[in-house]
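# Working through the structure, step by step
So you can see what is in the structure, the chains are spelled out below.
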Amino acid sequence: MSQFSILYGLSGSEASKQAAEVAWRIAGNCGGKVDAQHVIDSRAIWELLRNDKPGFIGSGPYVAAYDEMSKHLRSIADKLSVKYRALTEEQSIAGETFIEEGNPIELVSKRAKSYDLVVVGHQPRAPLGTEDRKHYVRFAVAEGLAHECPTALLVVQDQVETWTSLTILVSV
């Protein structure tokens, strides 16, 4: 029998930290491993810059801004990876950490095929029609994974309390 494997979506959010705690707890209870994957969303940088064709100032400043933003996002990814590995060692949970660049939904879904469970954190967004919602152009990663992930997906939105007992009532 192979070891139960969890793919955890690593980001810097509070919900992601809570998702890591859930993944570690599950892995600890079943003797599994937790691999972490952080995806630098390089596509979102271009969406933010919104300059497909050179106009008044040419593409040079946009390319430079893209390179600079990518450099900072790689630095954040490295720091997240170092911190995550240190916390994982404290938990005595086996696993690897992967940093990739591209579309997070595609890359997590592709890697997820090799795992029994995917665990991600998700910060719920404001309901449609509210002032904050109009600024969101696309799905959150968790929302996209709910549509695309080929493996069981657990989305963590808040601190999770561990159940100590469970009673099931069955009627015949």
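So, how was this worked out
- Residues numbered from 1 in each chain as written.
- Predicted model: local features only at pLDDT ≥ 70, side-chain atom pairs only at ≥ 80, totals over all residues.
- Heavy atoms only, no water.
- Pairing = 2+ DSSP bridges.
- Helix = DSSP H or I, 4+ residues; strand = E, 2+ residues; numbered from the N terminus.
- Axes fitted to C-alpha atoms, helices over the stretch in contact; angles between N-to-C directions.
- Buried < 20%, exposed > 50% of the residue type's maximum accessible area, 1.4 Å probe, protein only.
- Contact = heavy atoms within 4.5 Å.
- Polar contact = N/O pair within 3.5 Å; in protein donor to acceptor, adjacent residues only side chain to side chain.
- 1 Å grid on protein atoms, 1.4 Å probe; cavity = no way out; pocket = protein on both sides within 12 Å on 5 of 7 lines; lining within 4 Å.
- Points joined across faces, edges and corners; volume = space filled by probe spheres on them.
- Nonpolar A, V, L, I, M, F, W, Y, C, P; charged D, E, K, R; others polar.

The 5 strands are arranged β3-β2-β1-β4-β5 in an open sheet whose pairing can be described as parallel. Where the open sheet ends on each side, the last strands, each with one partner, are β3 (97–101) and β5 (152–156). Strand-to-strand twist across the sheet, computed as the mean angle between neighbouring axes with direction ignored, equals 25°. In terms of strand pairing, strand β1 (residues 5–9) meets strand β4 (residues 117–121) through 4 bridges, oriented parallel.

Side chains three or four residues apart in an α-helix point the same way, a direct result of the helix having 3.6 residues per turn. Residues of helix α4 (residues 104–112) that are buried include every one of Pro-104, Ile-105, Leu-107, Val-108, Ser-109 and Ala-112, and no others. Tucked inside the fold, the buried residues of α4 contact β1, β2 (33–40), α2 (42–49), β3, β4 and α5 (141–148). One side-chain oxygen at the N-terminal end of α4 lies 2.9 Å from the backbone nitrogen of Ile-105; it belongs to Asn-103.

A few words on the layout of surface pockets. Approximately 230 Å³ is the volume attributed to the second largest pocket. Taken together, 15 residues form the lining of the second largest pocket, with Leu-10, Ser-11, Lys-17, Lys-83 and Leu-87 sitting closest to its centre. The element that contributes the greatest number of residues to the lining of the second largest pocket is helix α1 (residues 14–30), accounting for 6 residues. Taken together, the residues that form the lining of the second largest pocket break down as 7 nonpolar, 4 polar and 4 charged.

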